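As a plain string of letters, each chain reads:
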Amino acid sequence: MKQQANLIRAGQVIEHDGRRWTVLKQQIITPGKGGAFIQVEMRDLKTGNKTNERWRTADSVERLMTEDREYLYSYTDGASLVLMDPETFEQSMIPVDLLGDQAPFLQDNMTINVHLVEGDPVGVELPPHVTLEIIEADPVVKGQTASSSYKPAVLSNGVKTMVPPFIEAGERIVVRTEDASYVERAKD
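Thresholds, definitions, all that
- Per-chain numbering applies: the sequence of each chain, read as written, is numbered from 1 onward.
- Whole-chain, interface and lining totals are the exception, using all residues; otherwise, since this is a predicted model, local features are given only for residues with pLDDT of at least 70 and side-chain atom pairs are given and counted only at 80 or more.
- Hydrogens and water molecules were not included; the side-chain quantities draw on all heavy atoms of the structure.
- UniProt positions are given in the numbering used here, feature names are shortened, and annotations may be inferred rather than shown by experiment.
- Secondary structure elements follow DSSP: runs of H or I of four or more residues count as helices, runs of E of two or more count as strands, with numbering from the N terminus.
- Note on exposure labels: buried denotes an accessible area under 20% of the residue type's maximum, exposed denotes more than 50%, and partly exposed covers the range between, all computed with a 1.4 Å probe on protein chains only.
- Residues adjacent in sequence count toward polar contacts only when both atoms are side-chain atoms; beyond that, a polar contact is any pair of N or O atoms within 3.5 Å, and within protein one must be able to donate a hydrogen and the other to accept it.
- Here, a strand pair is defined by DSSP locating no fewer than two bridges between the strands.

Per an unreviewed UniProt entry, the recorded name for the protein chain is Elongation factor P, and the organism is Acetobacter farinalis. Here is the UniProt Sequence similarities (unreviewed entry) comment for the protein chain, exactly as written: "Belongs to the elongation factor P family." Its UniProt record gives the protein chain the following Pathway (unreviewed entry) comment, quoted word for word: "Protein biosynthesis; polypeptide chain elongation."

Moving on to the side chain of lysine 151. Relative to the assigned elements, lysine 151 resides in strand E13 (residues 151–155). Looking at lysine 151, the relative accessible area reads 6%, which means it is buried. Polar side-chain contacts of lysine 151 include one of 3.0 Å to the backbone oxygen of aspartate 138. At a separation of 2.8 Å, a polar atom in the side chain of lysine 151 contacts the main-chain carbonyl oxygen of isoleucine 167.

Our next topic: the pairing of strand E3 (residues 19–29). Regular strands place side chains that alternate from one sheet face to the opposite one. Pairing geometry for strand E2 (residues 13–16) and E3, over 4 bridges, is antiparallel. Residue pairing in the sheet places histidine 16 in a bridge with arginine 19 of E3. What sits between E2 and E3 in their antiparallel hairpin is a turn of 2 residues, with aspartate 17 showing a positive phi close to 55°. Where E3 meets strand E4 (residues 37–44), 8 bridges bridge the pair, whose relative direction is antiparallel. What sits directly across from valine 23, in E4, is methionine 42.

This is the structure:
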């Protein structure tokens, strides 16, 4: 299906130069002179090579339709994730590289969405939020309450994030899986 280049989003699968690519990042750039263009960082599905490509926003790109299936995460075996189909209980393996920066947020028995193109996995989507424990948080600096101030903290999965000053080590918080940002205190 053809679509305009300015509609490309991370996670989509496109066909370019006779090969299939999964989009990792996209950025629309509007220079001071001339027309806007979109810069896309993408990974070849077969070889795993990354490349950057630029298109004018009016150009059209071939987008491949993906089928989404839900799986339960079982465990990681080397460079592969072992997933279980909740309906048939069959196990299947997909490369951990499909997760990218979101790999640390994977938790046991988490329901994840796998994008398939003709039966081949091309992308993985985690739930938008996960609950994690703070294992290390800097002390509060007095006098920084005039504006919304955040302090660095380390989560139980080793990821560093910024949290409000009232959050202490040992507390559980809800974190956005997309960018590891603080959402709220956990309600459990």
